[in-house]
Amino acid sequence: MDKHLYNLPDLESENGEWDERAHSRQGFLRLCFWSVTGLSLTAVGGGSVRFLLGHSLTAPAGEWIEVGALNELPPGQMHRVTYLLRTTDLWRKGELRGVLYAYSEDGSSYTVLSGTCTHLGCNVRWDDAQQQFACPCHLGLFSRQGEVLSGPPPKALNRLETRIENGKLLAFV
Amino acid sequence: MEVEHNKIDRISIPHRSRGIGSWVGAVWGWLDARTGLALPLRKFFTYPVPLYVHKNVLYSLGGVSLISLALQLFSGILMTFYYDPGISSAYDSVDYITYTLPAGWLVRGVHVYNASALVILLFLHLLRTYFMGAYKKPREITWMAGVLMLLVVLGFAFTGALLPWDQSGYWATKVGMEIAGSTPLAGTWIKRILQGGSILGQATLTRFYVLHVLLLPLGILSLVILHIHQLRYHGIAPAITEKGKRDSKKFVPFFPHWMTLDAMIGTALLILLIFVSWNWRAPLEFPADPTSADFIPRPQWYFLSLYQMLKYFPGPLEPVAAILLPGALIGGLLALPFIDRSEERRPWRRPLATALAIAVISAIVVLTVLATL
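Given the structure is predicted, the values throughout are model-derived calculations rather than measurements. (Residues numbered from 1 in each chain as written. Chains lettered and ligands numbered in written order. Predicted model: local features only at pLDDT ≥ 70, side-chain atom pairs only at ≥ 80, totals over all residues. Heavy atoms only, no water.)

A. Region of interest: the domain arrangement of chain A. As assigned here, chain A comprises domain 1 (3-53) and domain 2 (64-172). Spacing between the C-alpha centres of domain 1 of chain A and domain 2 of chain A amounts to 62 Å. (Domains from an automatic or database assignment.)

Structure, rendered in structure tokens:
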């Protein structure tokens, strides 16, 4: 150990002097100090990080929602469907509104697309005349199948998993 | 002289070792050349602590109180990330913190139980200072800042109890408000100002929340700074025993000699708090129900003596127990250095002061015990 590290400033001699143990115990006490302080800070830090992370890294479980009865979703046209999703925001039970689009060529298999633009999250609109999705925010355009036609979106609209049950179309959001 | 000293610091520290240490030294040297903080920090940490202080663990009560306060501030800040101060959501948010959130039991448990620890530590610190006569000239301001800090901590306890918006907090606050309302002349006004209206509701919760997380913390931090500044400015009160006097010309540095003991006791406190929080979840009663008639309100244990005293002063005499006697005690503590002006500090040579304190402590203990029966 470098002796210089433990140099103490001079005291005014009329006040007294450094005790012998002021020098001799420094190394040991420093070790003790940093050990217990390190232990405490590790406990406090670890607990705090866990507390602050909370459930923020847990991905939402997802849910099957009802898009509609098949007879209400005739083939050959685009259907805009709004849905309510039950959510838990920390302890708060709530509902989240979302938009999706359903399309079928033949009435037996459906393509269900999320209505959220993959660029910056605005809601896209179906343009029936042009037969394409248009995002009003930055003019991203998507095909009926959700593929990017032009504009800034980096990838196709999110295609949702679907299934048909008791004459109803379900999608997993 | 100081400039010379400073220069040595700047030059010597960066060269004390090689490797990572020299990098730390270089960064520190750069910072010091611009901020000039090395010398004041060095003076703070190498402050000469008399040997009679270093040898007596009772002198750690202040430092451990500060560690306990730091834990309170830290765990409190953490809880504000999740707590929701609304009367229809506060309870659910605290329930979520306590039972669902990872490490929530730990953070709220430490906050709840450490509140009691802080009250005990401050009370013991006050007793040590009282019995050793360390409040006397020129340390009046150190003493008064300390008494005010104890009051602020009790303010924290009172406002914090309401925040979960459960039965116990709601009814304890209700009783507290009625006591404030019983103040002669201005009672109704005081009660309404505290409540933010004529009922105990959202306005009250918002007020208590702002007091608890903003104003009281600012107040106590200011008092801590004043208290420590005064302590360093006047130095620790001289030794009162012959043995202590013999040790008062020898010194050890504040760091690591004093800080290590405080850090060890602080760590032991933290371990104890974690243990207690793990074994006994911080209490949360049913949600506040202003219509319920079966909940018997009880204050926190440190207010129990006041609560018990109320029983002996029924009806129109109530303000005597609720306001006059506690007010006299607090006023007496604040004014103590000006009432007791003698230079004698040894407790066995101050029989009146010592006997008075023992009588008051005994009364508080007896009343508290009676209240729990």
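Resuming the write-up.
B. Spatial organisation of the side chain of Asp84(B). On the secondary structure map, Asp84(B) appears in the loop between α5 (61-80) and α6 (90-99). We classify Asp84(B) as buried; its relative accessible area is 17%. For Asp84(B), the residues in contact, after removing those within four places along its chain, are Trp91(A), Arg92(A), Ser89(B), Ala90(B) and Ser93(B). (Helix = DSSP H or I, 4+ residues; strand = E, 2+ residues; numbered from the N terminus. Buried < 20%, exposed > 50% of the residue type's maximum accessible area, 1.4 Å probe, protein only. Contact = heavy atoms within 4.5 Å.)

C. Local environment of the state of the cysteines. Residues and elements named next belong to chain A. Under the criterion given, the structure shown has one disulfide over all chains. Looking at the unpaired Cys 117, the closest cysteine sulfur is the one in Cys 135, lying at 3.7 Å. What makes Cys 135 buried here is its relative accessible area of 4%. (Disulfide = S-S within 2.5 Å.)

D. Structural context of a nonpolar patch on the surface. Residues Tyr312(B), Val365(B), Val366(B), Val369(B), Leu370(B) and Leu373(B) make up a contiguous nonpolar surface patch of roughly 590 Å² in combined accessible area. Within the secondary structure layout, Tyr312(B) lies in the loop between α14 (304-310) and α15 (318-339). (Patch = residues over 30% accessible without salt bridge, like charges linked within 9 Å, V, L, I, M, F, W, Y side chains within 5 Å. Areas by Shrake-Rupley, 256 points an atom, 1.4 Å probe, with all protein chains shown as cover. Salt bridge = Lys/Arg side-chain N within 4 Å of Asp/Glu carboxyl O.)

E. Structural context of the pattern of salt bridges. All told, the structure shown has 13 salt bridges over all chains when counted by the stated rule. Residues Arg21(A) and Asp19(A) are paired through a salt bridge, measuring 2.7 Å at the closest nitrogen-oxygen approach. Overall, the relative accessible area of 8% leaves Asp19(A) in the buried class. Between Arg92(A) and Asp84(B) there is a salt bridge, and its shortest N-O distance comes to 2.1 Å. Of this pair, Arg92(A) sits in strand β4 (residues 92-104) while Asp84(B) sits in the loop between α5 and α6, which puts the two residues in different chains. The partly exposed category is assigned to Arg92(A), whose relative accessible area is 37%. Salt bridges sharing partners connect three or more residues here, namely Lys136(B), Asp340(B) and Arg350(B).

F. Spotlight on the packing of helix α2 (residues 26-53) of chain A against α5(B). Their axes nearest at 10 Å, the elements α2(A) and α5(B) cross at an angle of 15°. Taken together, the axes of α2(A) and α5(B) lie roughly parallel to each other. Once α2(A) is placed against α5(B), the crossing between them reads as right-handed. Each of Val44(A), Ser48(A), Phe51(A) and Leu52(A) in α2(A) lies in contact with α5(B), whose residues at this interface are Leu71(B), Phe74(B), Leu78(B) and Met79(B). Of the residues that constitute the contact of α2(A) with α5(B), the class distribution is seven nonpolar, one polar and no charged. (Axes fitted to C-alpha atoms, helices over the stretch in contact; angles between N-to-C directions. Parallel < 35°, antiparallel > 145°, perpendicular 65-115°, else oblique. Left-handed = near helix turned anticlockwise from the far one by under 90°. Nonpolar A, V, L, I, M, F, W, Y, C, P; charged D, E, K, R; others polar.)

G. A look at the pairing of strand β2 (residues 250-253) of chain B. With two bridges connecting them, strand β1 (residues 17-18) of chain A and β2(B) associate as parallel partners. Counted as the bridge partner of Glu17(A) is Lys250(B) from β2(B). (Pairing = 2+ DSSP bridges.)

H. How the structure looks around the sheet that holds strand β2 (residues 64-69) of chain A. All names here are of chain A. Read across the sheet, three strands follow the order β2-β11-β10 without closing on themselves; strand pairing throughout is antiparallel. Bordering the open sheet on either side are β2 and β10 (161-165), each of which pairs with just one other strand. Pairwise comparison of adjacent strand axes, ignoring direction, gives a mean angle of 30° for this sheet. Examined bridge by bridge, β2 and strand β11 (residues 168-172) share five bridges and lie antiparallel to one another.

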